[in-house]
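Structural overview
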Amino acid sequence: MSKKHSQNGVKGLIIGIILVCLVLGYYYYLSNRKTETKREEDVKISAVQEVLMHNLDNNYPPTPREVVKYYCQITQCFYGETYTEEEFKALALKVRELYDDELVANNPLQQYLENLRWDIEQLKEQGVVISSYTPSSSTDVEEFKKDGFSWAKLYCTFNLRQGTQLVTTEEVFLLRKDENGHWKIYGWKLVDEAGQSDSE
């Protein structure tokens, strides 16, 4: 009888060890799977891809400030991220969706792409990167009516980094509301130290 008890105790111990191993193995499998999924997500979505995922047809920025903010995100990608030729064109087309019809008409696509590529190459050769940007707060956006259109004017500060040197520039943006009620960028100018806008 004691031998039977001993055998039962050994069997119980073995079963217990097997169950513990199964539980630990399953936990390890789940933990590993979560980590691998996270790694895959991290690899898949770059800053450029994240910007390109924004669907302007269904989710156009609702305010002048949000339009300029999205424009700045795209610009930051142009000058600070790596991307394919296909992604470059996609970014360029995305930014043109933010432009007023008159601005688009004055910048034919092929010429626009060539000018943009040249401008990006110039800054990249100098090692200039847009480290951050700050659009005017919502309360500082100036809205007005003129020539039967609704207009908005706001400023944006860009912090540029060249090696260890930091430079700050400010630009003033003019936006016009289109027939769909969307704010579109009509133009922008660099603001000089005296607070006046330079011509484009």
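Residues numbered from 1 in each chain as written. Predicted model: local features only at pLDDT ≥ 70, side-chain atom pairs only at ≥ 80, totals over all residues. Heavy atoms only, no water.

Across its full length, the chain holds six helices and five strands. The order of helices and strands in the chain, counted from the N terminus, is α-α-α-α-α-α-β-β-β-β-β. For the chain, with 200 residues in total, the buried portion stands at 28%. Residue pairs in contact within the chain that sit at least 24 positions apart in sequence constitute 54% of those at least 6 positions apart. (Helix = DSSP H or I, 4+ residues; strand = E, 2+ residues; numbered from the N terminus. Buried < 20%, exposed > 50% of the residue type's maximum accessible area, 1.4 Å probe, protein only. Contact = heavy atoms within 4.5 Å.)

Let us now look at the pattern of salt bridges. Across all of its chains, the model carries three salt bridges by this definition. The closest approach of N and O atoms between E85 and R117, which form a salt bridge, is 2.5 Å. Of this pair, E85 sits in helix α4 (residues 85–96) while R117 sits in helix α6 (residues 109–125); the two residues are 32 residues apart in sequence, bridging distant segments of the chain. On the basis of relative accessibility, which here comes to 42%, the residue E85 falls in the partly exposed class. Here D100 makes a salt bridge to R176, at a shortest N to O gap of 2.9 Å. Here D100 is found in the loop between α4 and α5 (101–105), whereas its partner R176 is found in strand β4 (residues 165–177), with 76 residues between them in sequence. Of the residues examined, D100 reaches a relative accessible area of 5% and is grouped as buried. Through salt bridges with shared partners, a single ionic network connects D100, E102 and R176. (Salt bridge = Lys/Arg side-chain N within 4 Å of Asp/Glu carboxyl O.)

With that settled, consider the side chain of S136. Position of S136 relative to the elements: it lies in the loop between β1 (128–135) and β2 (142–146). The buried category is assigned to S136, whose relative accessible area is 12%. Discounting chain neighbours no more than four positions away, the residues touching S136 are R65, L154 and Y155.

This brings us to α4. Between the first and last C-alpha of α4 there are 17 Å, a value that for 12 residues agrees with the 16 Å anticipated at 1.5 Å per step. Along α4, the positions that sit buried rather than exposed are E87, F88, L91, A92, K94, V95 and R96. Buried residues in α4 make contact with α2 (47–52), α3 (64–80), α5 and α6. (Expected span 1.5 Å × (residues − 1).)

When pLDDT is averaged across the chain, the result is 84; 74% of the residues are at 70 or more. The weakest mean pLDDT in the chain belongs to helix α1 (residues 2–44) at 60; the strongest belongs to β2 at 96. (pLDDT = per-residue confidence, 0-100.)

Now for the pairing of strand β5 (residues 183–191). The pairing of β4 with β5 spans eight bridges and is antiparallel. Across the sheet, residue L175 finds its bridge partner in β5, namely I185. (Pairing = 2+ DSSP bridges.)

Attention now goes to the packing of aromatic side chains. Under the definition given, this model contains nine aromatic pairs. Aromatic pair Y83 and F88: ring centres 6.3 Å apart, planes at 20°, arrangement stacked. The buried category is assigned to F88, whose relative accessible area is 4%. Both rings, one in W151 and one in Y186, keep their centres 5.0 Å apart while their planes meet at 85°; by these two values the pair is edge-to-face. (Phe/Tyr/Trp six-rings, centres within 6.5 Å; stacked < 30°, edge-to-face > 60°.)

Before going further, it helps to examine the packing of α4 against α6. As a packed pair, α4 and α6 sit with axes 11 Å apart at the nearest point and diverge in direction by 115°. When the axis of α4 is compared with that of α6, the two are roughly perpendicular. You can see that α4 and α6 cross each other, and the crossing is right-handed. Together, E85, F88, A92, L93, V95 and R96 of α4 and L109, Y112, L113, L116, R117 and I120 of α6 make up the contact between the two elements. (Axes fitted to C-alpha atoms, helices over the stretch in contact; angles between N-to-C directions. Parallel < 35°, antiparallel > 145°, perpendicular 65-115°, else oblique. Left-handed = near helix turned anticlockwise from the far one by under 90°.)

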